[in-house]
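Observations on the model geometry
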Amino acid sequence: MYTKKTTICLPLLSLLGTVLTVGACSIKKQDSTLSSSGIKISSKAIAYGFEENFLFDAFSAENVENESEPKEILAIVKADWRDSLPLKNRAGDYRKFRDLKKDDGITAIGSVGVESLSEFGSQFKVRSLVKDDTGQYEFLRLKIKDDRPEALITAINELSQLESVQLAEPNYKAKIHAIPNDMGFPSLWGMQKISAPLAWDITTGNPSVTVAVIDTGVDYLHSDLSANIWSNPNEVLNGLDDDGNGFVDDIRGWNFAGANNNPMDGNGHGTHVAGIIGAVGNNQQGVTGVGWNIKLMPVKIFSDANTATVADIINGVLYAANNGAHILNNSYSCGISVAMTNAVMHAREKNTLFVAAAGNNGLNDAVYPASLSLSVDSVISVASIEQTGALSSFSNFGRGVDIAAPGGQISSTYPNNLYASLSGTSMASPHVAGVGALLLSQSPTLTVTELKNAILSSATPSPELLERVPNGVLNARAALEKVMPVPPAPTPVPPAPTPLPPAPTPVPPAPTPVPPAPTPVPPTPQLKAGLRYEYFIARSPWTNIPNFNQLTPQKTGIISHFKTSVRTRNVHYGMRFRGVIQIARAGTYTFFTDSDDGSRLWINGKLIVNNGGLHTRRERSGKIALPAGKHNIRVDYFQSTKASKLLVKYRGPGILKSQIPARILFHN
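Model, not experiment: these values are computed from the prediction.

Looking at the sheet that holds strand S26 (residues 618–626)
Taken in spatial order, the four strands of this open sheet run S26-S23-S28-S29, and their pairing is antiparallel. Where the open sheet ends on each side, the last strands, each with one partner, are S26 and strand S29 (655–659). If you compare each strand with its neighbour and ignore which way they point, the axes differ by 15° on average. Across nine bridges, strand S23 (residues 587–596) lies against S26 in antiparallel orientation. Each bridged residue has a counterpart across the sheet, and for threonine 593 the counterpart in S26 is arginine 620.

What about the packing of aromatic side chains?
By the definition in use, this model includes 17 aromatic pairs. Ring geometry for tyrosine 48 and phenylalanine 50: centres 5.6 Å apart, planes at 20°, overall stacked. Taking the relative accessible area as the measure of exposure, tyrosine 48 reaches 2% and is therefore buried. Pairing phenylalanine 591 with tyrosine 650 gives two aromatic rings, centres 6.3 Å apart and planes at 35°, and the pair type is tilted. With phenylalanine 591 in strand S23 and tyrosine 650 in strand S28 (residues 645–652), this residue pair connects regions lying 59 residues apart in the sequence. Taking relative accessible area as the criterion, tyrosine 650 reaches 6% and is therefore assigned buried. An aromatic cluster of at least three residues, connected via ring pairs, comprises Phe124, Phe247, Trp254, Phe256 and Tyr319. Over the ring of tryptophan 602 we find arginine 634; its NZ or CZ atom is 3.7 Å from the centre of that ring. Its guanidinium or amino end placed over the ring of phenylalanine 592, lysine 657 lies 4.4 Å from that ring's centre, counting from NZ or CZ.

Let's talk about the nonpolar core
Ile314, Tyr332 and Met340 are the most contacted members of the largest nonpolar core, which totals 94 residues. Among the elements that take part in this core, helix H8 (residues 310–322) stands out by supplying nine residues, more than any other. When neighbours within four sequence positions are excluded, methionine 340 is seen to be in contact with Glu169, Val310, Ile313, Ile314, Tyr332, Cys334, Phe354, Tyr368 and Pro369. Counting 56 residues, the second largest nonpolar core, distinct from the first, contains Val211, Ala433, Val435 and Leu451.

Here we look at the packing of helix H7 (residues 269–278) against helix H10 (residues 425–442)
Relative to each other, H7 and H10 sit at 35°, their axes nearing to 8 Å. Along this stretch, H7 crosses H10, giving a crossing that reads as right-handed. Across the interface between the two elements, His269, His272, Val273, Ile276 and Ile277 from H7 touch Ser426, Met427, Pro430, His431, Ala433 and Gly434 from H10. Split into classes, the residues belonging to the contact of H7 with H10 amount to six nonpolar, five polar and no charged.

How each quantity is defined
- Residues numbered from 1 in each chain as written.
- Predicted model: local features only at pLDDT ≥ 70, side-chain atom pairs only at ≥ 80, totals over all residues.
- Heavy atoms only, no water.
- Pairing = 2+ DSSP bridges.
- Helix = DSSP H or I, 4+ residues; strand = E, 2+ residues; numbered from the N terminus.
- Axes fitted to C-alpha atoms, helices over the stretch in contact; angles between N-to-C directions.
- Phe/Tyr/Trp six-rings, centres within 6.5 Å; stacked < 30°, edge-to-face > 60°.
- Buried < 20%, exposed > 50% of the residue type's maximum accessible area, 1.4 Å probe, protein only.
- Lys NZ or Arg CZ within 6 Å of the ring centre and 35° of its normal.
- Core = buried A, V, L, I, M, F, W, Y, C linked by side-chain atoms within 4.5 Å.
- Contact = heavy atoms within 4.5 Å.
- Left-handed = near helix turned anticlockwise from the far one by under 90°.
- Nonpolar A, V, L, I, M, F, W, Y, C, P; charged D, E, K, R; others polar.

Right, here's the structure in full:
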């Protein structure tokens, strides 16, 4: 996603919000299973591992009405769906499905009339988000006959009731704008900004590292790219699927827009992105990518007319992850999709980093799928900065944005051996993908979590960005130093021994004093499960969190975790929770409070999350490095409106964003 040089681009997509937020679903309070679009939230979808709040966002009226492709549905189905879905053929009889590729007469699934049904391919099997679920699932793409918007909702709800269908949703649209500008060779200021020349003193990349460019394709014949284009080592151009991955002659990637093996770029966007990641360096022509010697996998999901849907994106993500890409660059946005989130989690299981553009809306929110960085530890969301270091006027920032990188007037490759200067978060994201490739070139055994942490924790703090992008600006050299082995300290040379003085005349020892009786050691207090809470009632509505130390609680007790079930309804109240949290692994932890109204969270007496004030439901977060062990935790919360909500979550090493479980909360 990018804009014409310094001109602000219109939003690529108008998203309601970001993943795992709430506020768009006004019907939820009246019917806990019905979203504002009319799509029902099924228990099967929640059992699959998706948070209920995320499902309400994905199925909100704005997301469905503004972002969905007419008549098209995506479904997550059990792998044995061929033997269990009730299908109807042209003769009118229901039967069990046997061979999709040989049967073009499917007219209905259950009571839903369809024009077409296509599978993504059995090679694209995925797992649910539940750790102990060993089942396998696939994706289906349907086109229904009825083109009325309400018919789409009805069809989704009816399909979701079928036994083999775990979840159904609209097939959302995706869009990019490709406007080339200033053909020529401007200076590569972005490489200087991220300290790439200093990083190149350590490594310029390794051909064993592959970055997938999931985009409009790549001009793989460009003289500044051709040497770095990925080649499928197990495929030969012979009309056969030699490697058995389901794609015939995919010798250099795949074109999902055209359903063929030619991922040539007819647009320009993907070629420009590819050049930033890995244009050939030190060849005395054109431009230089962040990784000179890495491999670029072209995965074309957009047509030359800039059209694509989530179905195409899912295909691209699964193809790249299954065929060995270590990093996926995603410079696009789309409607919030449950099925695509599943594909991103599948890529994470393959230890694949997902780098995404934060969006060109100029808003305090990342677009989807970049917003998945809030909940998925393999996703990095990237904002754009200008040569001055200031945030680009078009760039999204704040919630769901992890890091900033150069994105204003970036020079890179363009089809037909040309070069162009483009602007946008589309240009910022590939800088981060390229740095990730350098890190893997230096330390190939990094896990995806270690890779993400190294990139974010080494960013250069920027006063220009203030609180908009807390981690700061990408720093390639500092990131490499994070993953380089520490050389052993030199063995010190011992000094020459000092001659021993003559032995002194021995002095008779003093009499041994009688030691005093030992002071008794108090026993260590035994920790018990649950948190201590204090419950306060306001005499008049508060506008912020009061000083609870100066108030007398109406009620005190022990509660299993952070919840407000002890409250008296229809009163203005506040609560303080205090206790101990058990941290299993050392590392950097992010804590979140999602509340209506205000809340604050302290760890070991330090304020980590300040979500105070009188406001509708809002989530804020803060980070802290913690050693393994027990740590004091406190949360203060108040409510002065009719709504009442408090969720306390965390994320850390090996832990996806989730509510803090009762099993790690204690009190003295």
